[in-house]
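Coordinates in review
Okay, here's what each chain looks like letter by letter:
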Amino acid sequence: MVEENEDLKEKIVDRQILNLPKEVKFCTRCVMSNQRPRITFNKEGVCSACRYAEYKKTIDWDKRKQELKRLCDKYRSKDGSFDVIVPCSGGKDSSMIAHRLKVEYSMHPLCVTFSPPQYTDIGWKNLRRFIDSGFHHYLVSPAGDLYRALGRMCFELYGDHNEIFDRGQMSAPFRAAVEHNVSLVMYGENGEAEYGGTSDYNESPGLPWEAFEKVYYSENLDEMARLAKELGYVPNIQPHDLDIFRLPPIEKLKDLDIQMHWFGYYTFWEPQEHYYYASKHTGFQSNPEGRLEGTYSNYAQLDDLTDSFLYYMMFVKYGFGRATSDAAHEIREGRITREEGVALVHRYDGEFPAKTYKIFLEHLGITEEQFLKTVNKYRLPHIWKQENCDWKLREQVR
Ligand SMILES: [Zn+2]
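Residues numbered from 1 in each chain as written. Predicted model: local features only at pLDDT ≥ 70, side-chain atom pairs only at ≥ 80, totals over all residues. Heavy atoms only, no water.

1. Thoughts on the coordination of the zinc ion
For the zinc ion, the full set of protein donor atoms is Cys-27 (SG), Cys-30 (SG), Cys-47 (SG) and Cys-50 (SG), and the range of their distances to it is 2.3 Å. Considering all four donor atoms around the zinc ion, angles at the metal cover 103 to 114° and the coordination shape is tetrahedral. When the donors of the zinc ion are listed by position in the chain, the intervening gaps give C-x2-C-x16-C-x2-C. Taken together, the residues span a long stretch of sequence, with Cys-27 in the loop between α1 (6–11) and α2 (48–56) and Cys-50 in helix α2 at a distance of 23 residues. (Donors = N, O, S within 2.8 Å, 3.2 Å for Na, K, Ca; no water. Tetrahedral: all angles 85-135°; square planar, octahedral: opposite > 155°, others 65-115°. Helix = DSSP H or I, 4+ residues; strand = E, 2+ residues; numbered from the N terminus.)

Right under this line is the structure:
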């Protein structure tokens, strides 16, 4: 049945590609492309993430630390019951947040992980080491057959198999907050500000509920359920099958006064420092196999075997990949020069994830031909050109 709906499948795309600027440009300060959804460039050609990185240096961080202290004073439990939910993958950033909240701010975190599609060995070990270092933890795992079928649908329709994972990841902490009567949910960084996106919430300690679905959810879950049934990805889907991915009703979250905050609003966000911190305090280890495919770094987002294809599809859709993202923030942090960043992008960006290709195809239950069909659906003519049967980027950072 999936194959019978080819025409309709072709027409459904990641809506973010519809609003991309038709002329590709790169930030004059980092290496980020203007094709990153929602990023803005000023007239000097500097991207919003670089401007935010400059602005961060002027923030009074002692004052922000006091704000965090007051926030924790307000929510801290007196009887040891959970008082903060920390969405936590066992990665360097979330491990650092949970540890600091517990040790520096005397909070009682309940850590919540929404399971990635397929754990890596190192990701699973890091999560276990984190739990063993002294944290209560919930792992939320959707049924594997449903998760894979929805992953396939999200890949073929939106070019992003993890769209469904993102939904679960953003919802599970709030479901836990409701269940355990905890009002405070502490996320990591404001990704829109740090990496380039809307600057509307740069001064906000968290995302207001009114904006939550707009910023974090590209696709409506009920619409996804309808497509899963009609296009035959999950023909017998039941009304409550997707509840595990669903955010509690926003009205209910407001009534319970559940608040979402970013730790990155209160403390200077510096991923490499988080790596050192988590290594020291929660047993975090970098990838034993060295750098990850498509980039030069070895300590970020290690837990999901299918993750390389998230970045590969980003490269296909927008013309920049994981190395660009990594180099851009390291340039902003002053760890590498722009010239070094450009060289790293030329060397690693868009590298095909050959090591996990077979696993990815098996995971989604698709053939190589079906994979390539989706990939080529997302090669936009203003980003890509074909030369002697090879796809080449029209513009590269220089
Ligand atoms: Zn920039």
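2. Concerning the pairing of strand β4 (residues 184–187)
Where burial is concerned, the two faces of β4 agree: the one with Leu-184 and Met-186 and the one with Val-185 and Tyr-187 are both buried. Relative to strand β5 (residues 259–262), β4 is paired through four bridges, and the arrangement is parallel. Across the sheet, Leu-184 pairs through a bridge with Gln-259, a residue of β5. (Buried < 20%, exposed > 50% of the residue type's maximum accessible area, 1.4 Å probe, protein only. Pairing = 2+ DSSP bridges.)

3. A short note on the pattern of salt bridges
If you walk through the whole model with that rule in mind, you get 26 salt bridges. With a closest N to O distance of 2.8 Å, Glu-192 and Arg-38 form a salt bridge. A residue pair is termed long-range when its members are at least 10 positions apart, and Glu-192 in helix α8 (residues 191–195) and Arg-38 in the loop between α1 and α2 qualify at 154 residues. In this structure Glu-192 comes out as buried when scored by relative accessible area, which is 11%. In this structure, the salt-bridge partner of Glu-203 is Arg-64, at a minimum N-O distance of 3.9 Å. Here Arg-64 lies in helix α3 (residues 61–75) and Glu-203 lies in the loop between α8 and α9 (209–216), a separation of 139 residues in the sequence. Overall, Glu-203 belongs to the partly exposed group, its relative accessible area being 48%. The network of salt bridges with shared partners includes Glu-270, Glu-273, Glu-333 and Arg-335. (Salt bridge = Lys/Arg side-chain N within 4 Å of Asp/Glu carboxyl O.)

4. Digging into unusual backbone geometry
Located in the positive-phi region is Ser-106, a residue other than glycine, with phi close to 55°. Relative to the helices and strands, Ser-106 resides in the loop between α4 (92–103) and β2 (109–114). Judged by relative accessible area, which is 41%, Ser-106 ranks as partly exposed.

5. Focus: the domain arrangement of the protein
Per the domain assignment, the segments of the protein are domain 1 (7–49 + 300–393) and domain 2 (61–266). Computed from C-alpha atoms alone, the centre-to-centre distance between domain 1 and domain 2 is 24 Å. Between domain 1 and domain 2 lies a buried interface of about 3100 Å² when both sides are counted; carbon and sulfur atoms form 55% of it. Linking domain 1 to domain 2 there are two salt bridges. The salt bridge involving Lys-9 is made with Glu-156; its shortest N-O contact spans 3.1 Å. Applying the counting rule to domain 1 against domain 2 returns 17 residue pairs in polar contact (both at pLDDT 80 or more). Sorting the residues of the side of domain 1 that touches domain 2 by element identifies α1, α2, α14 (307–318), α15 (322–332), α17 (357–364) and α18 (368–377) as the ones contributing at least two each. At five residues, α14 tops the list of elements feeding residues into the side of domain 1 that touches domain 2. Of the residues contributing to the side of domain 1 that touches domain 2, the split by class is 18 nonpolar, seven polar and eleven charged. (Domains from an automatic or database assignment. Buried area = accessible area lost by both parts, 1.4 Å probe. Polar contact = N/O pair within 3.5 Å; in protein donor to acceptor, adjacent residues only side chain to side chain. Nonpolar A, V, L, I, M, F, W, Y, C, P; charged D, E, K, R; others polar.)

6. Some points on the pairing of strand β6 (residues 384–387)
Where β6 lies against strand β7 (residues 390–393), four bridges are found, and the strand directions are antiparallel. From the neighbouring strand, Trp-384 faces β7, where its bridge partner is Leu-393. The turn linking β6 back onto β7 is made up of two residues, and Asn-388 within it adopts a positive phi angle of 45°.

7. Focus: the environment of Leu-292
Looking at the secondary structure, you find Leu-292 in the loop between α13 (271–281) and α14. A relative accessible area of 13% means that Leu-292 is categorised as buried. The spacing of Leu-292 and Pro-353 is 61 residues in sequence and 9.0 Å in space, taken between C-alpha atoms. In this view, Leu-292 contacts Asn-287, Ser-297, Asn-298, Ala-300, Leu-302 and Arg-322; residues no more than four positions away in its chain are not counted. (Contact = heavy atoms within 4.5 Å.)

8. Description of the side chain of Ser-204
When you line up the elements, Ser-204 lands in the loop between α8 and α9. Here Gly-206 takes part through its backbone oxygen, which lies 2.3 Å from a polar atom of the side chain of Ser-204. Contacts of Ser-204, omitting those with residues within four sequence positions, involve Trp-262 and Tyr-265.

9. Section: the packing of aromatic side chains
In this structure the tally under the stated criterion is 28 aromatic pairs. Measuring from ring centre to ring centre gives 6.2 Å for Phe-352 and Phe-371, while their planes differ by 80°; the resulting arrangement is edge-to-face. In this pair, Phe-352 is assigned in the loop between α16 (338–348) and α17 and Phe-371 in helix α18, connecting sequence segments 19 residues apart. By relative accessible area, Phe-371 is classed as buried at 1%. Among the aromatic residues, ring-to-ring pairing joins Phe-155, Phe-309, Tyr-312, Phe-352, Tyr-357, Phe-360 and Phe-371 into one connected group. Over the face of the ring belonging to Phe-268 we find Lys-56, whose NZ or CZ atom lies 4.4 Å from the ring centre. A cation sits over an aromatic face here: Arg-379 above Trp-384, 4.5 Å from the ring centre. (Phe/Tyr/Trp six-rings, centres within 6.5 Å; stacked < 30°, edge-to-face > 60°. Lys NZ or Arg CZ within 6 Å of the ring centre and 35° of its normal.)

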